[in-house]
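Survey of secondary and tertiary structure
The residues making up each chain are set out below.
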Amino acid sequence: MDYLLTDEQKMIKELAHKIAEEKVRPVAAKYDISEEYPWEVIKVIAESDLFRLFIPEEYGGMCVNIMNLCLATEELSRACGGIAVCYAASALGTFPIVLFGNEEQKKKYLPDLASGKKVAAFAITEPEAGSDASAIKTTARKEGDYYILNGLKHFITNGGDAETYSVIAMTDKSRGARGASAFIVEKGTPGFTFGKKEDKFGIRASSTRELIFTDCKIPAKNLLSREGMGFIVTMKTFDMSRPGVAAQALGIAQGALELAVKYAKERQQFGKSISSFQGIQWMLADMATEVEAARALVYSCARAIDAGVKDVSKESAMAKMYTSDVAMKVTVDALQIFGGYGYMKDYPIEKYVRDAKITQIYEGTNQVQRNIIALQLIREMAK
Amino acid sequence: MNIIVCIKQVPETTSVRINPETNTLIREGVKSIINPFDMYAIEEGVRLKERFGGKVTIVTMGPPQADAALREAISMGADEGVLVCDRAFAGSDTWATSYTLSGAIKKLMPFDLIICGKQASDGDTAQVGPGISTHLNIPQVTYVKKVEEATDKSMRVERMLEEGYEIIETPLPALLTVVKEINEPRIPSLKGMLRAKSAKITVWGQKDLDLDPQNIGLCGSPTQVVKIFTPAQRVGGQILKGEVPEIASQVVELLRSEVN
């Protein structure tokens, strides 16, 4: 389908496609096994300017455009959902600074994130605070010109490999959700260490670690916005980043679909290509239709954000939820088309199933997305 | 360092098919790409510019659509592109092509270095690079795998041969042809692509260049293609086993029957 992309968007898609095919696909299986952070690929992505897509021009970026970011993420995810998330997670960690940082913070942190010299991470999740983000226990106590951070964050994507962290901590526990604040924490700050690195089902090229804060003293000027804004920062960040997760799921689904079509054409059974069987054809037709419907939703949502539409929480949740569900279904069906071979690690398709699963879980489980959608729907009806 | 890189747009080799009746390339629907060996030449030119400063100018001879090849080279970091394009140049063989390109390069004087890929993936002759250096009367070093050192006046390079390599020092200006071992061509940057899109490509035809009409195009091409054919596939040889004297007599027998 022609999505009437601008010349610049076609260029971004073409560039990300080239990187995906030439630099990502050949090493996807290697990083899936080794679980090392794919620095060699991150360097190529950085040199190609793709990290500039989520940062304003005045700080070394090429303007903040969610549609452009989605196109890049989708193309990279076609080849490897794990490597793509290293890229997308840096956008997630950067958005709080882009959206809420003051001039000094933006000048200090954004240029290196734009050039890809450093990557970022976003840290809210804790062992006891997943979907219920208001349950976070990490605290930030103000002492003179400093805040002292104490607590544990876990499941942090890019954890340990990122240099710049946007961290949510409680500054006033008595105020509940309104007592949370957002901070920028640099890797190497005394009292800031890394714990367990997770051994994951999928997206294994990306690193997922614990962040441990033990009397970690950070300058008070690292507070983003003002005290008590932590959850607003988080919500606004997720509104911007959810289409990116959707784009990741979309890319994984598209990649699996392409592999399934190619395999179905090559695989001979009963003396002919299995793509000549209606059973396979109908599966492929359903998969392609669902992927296209998901794409239309992701692109519309991204374009609405870029056009400045004010409240996109519902659409953003719909895009993330629907596309990740499609990715799960399409990757499982793709594996089915590969038959017994698909179940084996010698073939690339089982990795797509594993990589797809996380998109239904992170940045708000799909159950939480449904809550957001329903709540908004009911509110709209009440008007 | 003022560097000129000569490139050629070719059909993507992986998708080329041969018409079995005419034995010619089926060009319809085949994507055009920069000759893969020329990608290394572009990359080396850009790296040398990054090392020593200066400018990289890309030159290609071809139809108007070769403009895309020049823009791709600019997106990788080259500065300018020159398209040598005229119906009068059609049908050029390697002699006429290298003569015509050298005419364009004369207009770009002064320069320090010309870089070409070792050969084109469609013709596989490896003659155009050496041809240009001969027409321009400058030294050539072929099959370069590494540029070791360079000054304003000279350059020391490693030249890859079938058995080992040579280190050669050449005065500048000179022409190098490079092999794929020399570098890994970069992925273009988005900024580079945007720059390439709006870059002005210089187009030179016959009237812009000081060329002898006898030496250009089909008439200026001494090469005659007598026959094009797909070489017969080599079939697996025969392996003889046993004691040496026994095998020796078998070999003699076989050779004798071949002759007869």
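Keep in mind the model is a prediction, meaning the values are calculated, not measured.

1. Examining the overall build of chain B
Within chain B one finds six helices and 13 strands. Projected onto its principal axes, the C-alpha positions of chain B cover 70 × 45 × 40 Å. Out of the 260 residues in chain B, the part that is buried amounts to 37%.

2. Describing the environment of Thr 177 of chain B
Residues and elements named next belong to chain B. Within the element layout of this structure, Thr 177 appears in strand β12 (residues 174-178). Residue Thr 177 is classed as buried on the basis of its C-beta count, with 27 C-beta atoms lying within 10 Å. For the pair Thr 177 and Ser 98, spaced 79 residues apart in sequence, the C-alpha separation works out to 13 Å.

3. Notes on unusual backbone geometry
Residue Pro 110 of chain B is bonded to the preceding Met 109 of chain B through a cis peptide linkage, with omega at 0°. Tracing the sequence through the fold places Pro 110 of chain B in the loop between α3 (94-107) and β8 (113-117). A positive phi angle is found at Leu 4 of chain A, which is not glycine, with a value near 50°. Position of Leu 4 of chain A among the secondary structure elements: in the segment before α1 (7-34). Its 7 C-beta neighbours within 10 Å are what place Leu 4 of chain A among the exposed residues.

4. Describing the sheet that holds strand β9 (residues 140-150) of chain B
All names here are of chain B. Spatially, β11-β10-β9-β12-β8-β1-β6-β7-β13 is the arrangement adopted by the nine strands of the open sheet, whose pairing is mixed. Strands with a single pairing partner mark the edges of an open sheet, and in this sheet they are β11 (165-171) and β13 (201-204). With direction set aside, neighbouring strand axes in the sheet form an average angle of 35°. Pairing geometry for strand β10 (residues 154-160) and β11, over seven bridges, is antiparallel. Across the sheet, Met 160 pairs through a bridge with Tyr 165, a residue of β11. Sitting on the sheet, helix α2 (residues 67-75) touches β1 (2-7), β6 (55-61), β7 (80-84) and β13, and the angle it makes with β7 is about 165°. Each of β1, β8, β9 and β12 touches helix α4 (residues 128-136); the most contacted strand, β9, lies at about 75° to it.

5. With respect to the environment of Val 82 of chain B
Residues and elements named next belong to chain B. Position of Val 82 among the secondary structure elements: in strand β7. Sequence-wise, Val 82 and Thr 202 are 120 residues apart; in three dimensions their C-alpha atoms are separated by 4.7 Å. Aside from chain neighbours lying at most four places away, what touches Val 82 is Thr 57, Val 59, Ala 104, Thr 202 and Trp 204.

6. Remarks on helix α5 (residues 103-114) of chain A
Residue and element names in this part refer to chain A. In a regular helix each residue adds 1.5 Å, so 12 residues correspond to 16 Å; α5 covers 16 Å between its end C-alpha atoms and thus fits that length. Of the residues making up α5, those classed as buried are Tyr 109, Leu 110, Leu 113 and Ala 114. Looking down the long axis of α5, one finds its buried residues gathered within 130° of arc, a one-sided arrangement. The inward-facing, buried residues of α5 contact α4 (81-100), β1 (120-123), β4 (164-170) and β5 (180-186). The first or second residue beyond α5 is Gly 116, which carries a positive phi of 80°.

7. Digging into the pairing of β1 of chain B
All names here are of chain B. A large share of β1 lies buried, amounting to five of its six residues. Note: β1 against β6, six bridges, orientation parallel. Of the residues in β6, the one forming a bridge with Ile 4 is Thr 57. Bridge count between β1 and β8: four bridges; the pairing is parallel. When the bridges of β8 are listed, Val 5 appears paired with Ile 115.

Calculation rules
Residue positions are given per chain, counted from 1 along the sequence in the order it is written. Labels are handed out in written order, letters beginning with A for the chains and numbers beginning with 1 for the ligands. Totals for whole chains, interfaces and linings use every residue, but because this is a predicted model, local features are given only for residues with pLDDT of at least 70 and side-chain atom pairs only at 80 or more, for both listing and counting. A run of H or I in DSSP counts as a helix once it spans at least four residues, and a run of E counts as a strand once it spans at least two, with each numbered from the N terminus. Exposed residues have 12 or fewer other C-beta atoms within 10 Å of their own C-beta, buried residues have 20 or more, and partly exposed residues fall in between, where C-beta atoms are placed from the backbone. When DSSP finds at least two bridges between two strands, those strands are taken to pair. Whenever a helix is involved, its axis is fitted only over the stretch in contact; in every case the axis is a line through C-alpha atoms, and angles between N-to-C directions fall within 0 to 180 degrees. Contact definition: two residues whose C-beta atoms, as placed from backbone geometry, lie within 7 Å. A helix's residues, less one, multiplied by 1.5 Å, set its expected span. Comment: arc refers to directions from the helix axis out to C-beta atoms.

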